[in-house]
Amino acid sequence: GAGVSQSPRYKVAKRGQDVALRCDPISGHVSLFWYQQALGQGPEFLTYFQNEAQLDKSGLPSDRFFAERPEGSVSTLKIQRTQQEDSAVYLCASSLVTGLEQYFGPGTRLTVT
Amino acid sequence: GENVEQHPSTLSVQEGDSAVIKCTYSDSASNYFPWYKQELGKRPQLIIDIRSNVGEKKDQRIAVTLNKTAKHFSLHITETQPEDSAVYFCAASLNSGAGSYQLTFGKGTKLSVIP
């Protein structure tokens, strides 16, 4: 079946612009995670949804970051007033059984100029 | 919170040799340990995982071992092939009703298999 998909794959934003990143999880997967991956580093946790409920947002770096999953399927990560330090690859992952076997999407590479 | 240390950061082996990557974790409550392979510009790909009630798991040329007492786990790749070249990440998480199941990743090991 289809894997996790993300769009756009690449996004260039000028400092101060708002961006929205989309994640389509594997159909039927209850859990959805967002991670941020800086160049040459491992992914770092941002936030977690179980169905439409955001159960953990402890990894969001500032109140400029906001995520939602209103119908328990597609999720959007929004970054307001982007800063250069926001430049990274944003990865989405989903899992059928909560937490186990997380399958990643291809990521969105965000570059803030 | 959980902290995962991974080493070595780079590893070069001759084709056909074995490769071993080691990770340690800090939170004794962690109970799920996956390994991911990430090729340049690609998504992390789950290659094997182990839960804390198991000491070893094997899948063809790949095996993972877990030592709960010492809080470390290792990835073993035998008969390495050039297509095994990639960055490998270990991770740990707490899967329980009280946790968010987030993965904490190591910094990665760049494996190069020399033909």
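Just so you know, these numbers come straight off a predicted model, no measurement behind them.

A. Fine view of the nonpolar core. All names here are of chain B. The biggest cluster of nonpolar side chains holds 24 residues, and the ones touching the most others in it are W35, F73, L75, Y88 and L111. Of all the elements in the fold, those that place two or more residues in this core are β2 (10-14), β3 (19-25), β4 (32-38), β5 (45-51), β7 (62-67), β8 (72-77), β9 (86-92) and β11 (109-114). Those residues in contact with L111 that lie beyond four places of it in its chain are L11, V13, A19, I77, D84, S85, A86 and Y88.

B. Structural view of the interface of chain A and chain B. On the chain B side, the residues contacting the 23 residues of chain A number 18 residues. Both faces combined, the contact of chain A with chain B buries some 1700 Å², and carbon together with sulfur accounts for 55% of it. When the buried surface of chain A facing chain B is broken down by residue, A:P43, A:L100 and A:F104 rank first, second and third, together holding 29% of it. Seen at the junction of chain A and chain B, the total is zero salt bridges. Sorting the residues of the side of chain A that touches chain B by element identifies β4 (31-37), β5 (44-50) and β10 (103-104) of chain A as the ones contributing at least two each. If you tally residues by element for the side of chain A that touches chain B, the top one is β4(A), at three residues. Grouping the amino acids of the side of chain A that touches chain B by side-chain chemistry returns 11 nonpolar, nine polar and three charged.

C. Layout of the layout of surface pockets. Counted as a void, the largest pocket has a volume near 710 Å³. What lines the largest pocket is a set of 33 residues, among which A:L39, A:G40, B:Q38, B:L40 and B:G41 lie closest to the centre. Within the residue set of the lining of the largest pocket, elements represented by two or more residues are β9 (88-95) and β11 (108-112) of chain A together with β9 and β11 of chain B. Looking at the lining of the largest pocket residue by residue, the class counts come to 13 nonpolar, 14 polar and six charged. Contributing to the lining of the second largest pocket are 18 residues, with A:P43, A:E44, A:F45, B:T104 and B:F105 lying nearest its centre. Listing elements by their share of the lining of the second largest pocket, those giving two or more residues are β5 of chain A together with β1 (4-7) and β10 (104-105) of chain B.

Scoring rules and cut-offs
Each residue is numbered by its place in its chain's sequence as written, counting from 1. Starting at A for chains and at 1 for ligands, labels are handed out in the order in which the entities are written. Per-residue local features are limited, in this predicted model, to residues with pLDDT of at least 70; the limit for side-chain atom pairs, both in listing and counting, is 80 or more; totals at the level of whole chains, interfaces and linings are taken over all residues. Hydrogens and water are ignored here; the side-chain numbers use all heavy atoms of the structure. Buried residues of nine kinds, namely Ala, Val, Leu, Ile, Met, Phe, Trp, Tyr and Cys, make up a nonpolar core once their side-chain atoms join them within 4.5 Å. Only protein chains enter the area calculation, which uses a 1.4 Å probe; residues under 20% of their type maximum are buried, those over 50% are exposed, and those in between are partly exposed. What counts as a helix is a DSSP run of H or I of at least four residues, what counts as a strand is a run of E of at least two, and both are numbered from the N terminus. Residue contacts follow a heavy-atom distance rule, with two residues in contact if any of their heavy atoms lie within 4.5 Å. Reported buried area values correspond to the accessible surface (1.4 Å probe) lost by two parts on association, with both partners' losses combined. Should a side-chain nitrogen of Lys or Arg be within 4 Å of a carboxyl oxygen of Asp or Glu, the pair is scored as a salt bridge. Only Asp, Glu, Lys and Arg are considered charged, only Ala, Val, Leu, Ile, Met, Phe, Trp, Tyr, Cys and Pro nonpolar, and every remaining residue, Gly among them, polar. A pocket, in this scheme, is an open set of points on a 1 Å grid over the protein atoms alone with protein on both sides within 12 Å along at least 5 of 7 lines, while a cavity is a set where a 1.4 Å probe fits but cannot get out; residues line either one if an atom lies within 4 Å of a point. Grid points are joined across faces, edges and corners, and a volume is the space filled by probe spheres set on the points.

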